[in-house]
Amino acid sequence: MRNGISIANILKLGVSERIQLVEDVWDSVAAIPEAIPLTEKQRKELDRRLVAYHNDPSAGSPWKEVKKRILSRK
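The shown structure was predicted, so the numbers you read here are calculated from the model rather than taken from an experiment.

Parameters and conventions
- Residues numbered from 1 in each chain as written.
- Predicted model: local features only at pLDDT ≥ 70, side-chain atom pairs only at ≥ 80, totals over all residues.
- Heavy atoms only, no water.
- Helix = DSSP H or I, 4+ residues; strand = E, 2+ residues; numbered from the N terminus.
- Rg over C-alpha atoms; globule rule 2.2 N^0.38 Å.
- Buried < 20%, exposed > 50% of the residue type's maximum accessible area, 1.4 Å probe, protein only.
- Areas by Shrake-Rupley, 256 points an atom, 1.4 Å probe, with all protein chains shown as cover.
- Lys, Arg positive; Asp, Glu negative; His and termini not counted.
- Charge placed at Lys NZ, Arg CZ, Asp CG, Glu CD.
- Salt bridge = Lys/Arg side-chain N within 4 Å of Asp/Glu carboxyl O.
- Patch = residues over 30% accessible without salt bridge, like charges linked within 9 Å, V, L, I, M, F, W, Y side chains within 5 Å.

Enquirer: What should I look at first to understand the overall build of the protein in this one?
Expert: Counting its secondary structure elements, the protein contains four helices and zero strands. The linear arrangement of helices and strands in the protein, starting from the amino end, is α-α-α-α. For the protein, whose C-alpha radius of gyration is 19 Å, the value lies well above the compact-globule estimate of 11 Å for 74 residues. Each of the three principal axes of the protein carries a C-alpha extent, and together these read 50 × 35 × 20 Å. Split into buried and exposed, the 74 residues of the protein put 1% on the buried side. On the protein, roughly 7200 Å² of surface is accessible, and the fraction owed to carbon and sulfur atoms is 60%. Within the protein, the 10 negative side-chain charges are centred at a point lying 7 Å from the centre of the 14 positive side-chain charges.

Enquirer: Looking at this structure, how should I read the pattern of salt bridges?
Expert: Opposite charge on two side chains permits them to pair, given that their charged atoms come into close proximity. Per the stated rule, a full pass over the model turns up two salt bridges. Between Glu45 and Arg48 there is a salt bridge, with its nearest N and O atoms 2.6 Å apart. Highlighted residues: Glu45 and Arg48, both in helix H3 (residues 40-55), separated by three residues, approximately one helical turn. Look at Glu45 and you get partly exposed, because its relative accessible area is 28%. With its nearest N and O atoms 2.8 Å apart, the salt bridge here joins Glu45 to Arg49. Within this pair, Glu45 and its partner Arg49 are both found in helix H3, separated by four residues, close to a single helical turn.

Enquirer: What's the story with a nonpolar patch on the surface in this structure? I'm lost.
Expert: Together, Trp63, Ile70 and Leu71 line one region of the surface with nonpolar side chains, adding up to about 340 Å² of accessible area. With respect to the helices, strands and loops of the structure, Leu71 is situated in helix H4 (residues 63-72).

Enquirer: What's the story with the environment of Ile5 in this structure? I'm lost.
Expert: Secondary-structure assignment places Ile5 in the segment before helix H1 (7-11). The exposure class assigned to Ile5 is exposed, which follows from its relative accessible area of 51%.

Such coordinate-based values are descriptive only and should not be taken to indicate function.
Below you can see the structure in the form of structure tokens.
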């Protein structure tokens, strides 16, 4: 148990409340990206992708298009 929070208490919450809790925790982590160290492999992959984007920004698809393609497959 940390800070008075236990898994047992979390599991007493409804599903929607647990989902909201996870989202809130994730948002708090995402707010400080420098606190999550990258491995050298991850850093190199991000650099590779950034170079690829700069070389041809039109090669990718906007998220709305990707999401639409994914959802249309169902």
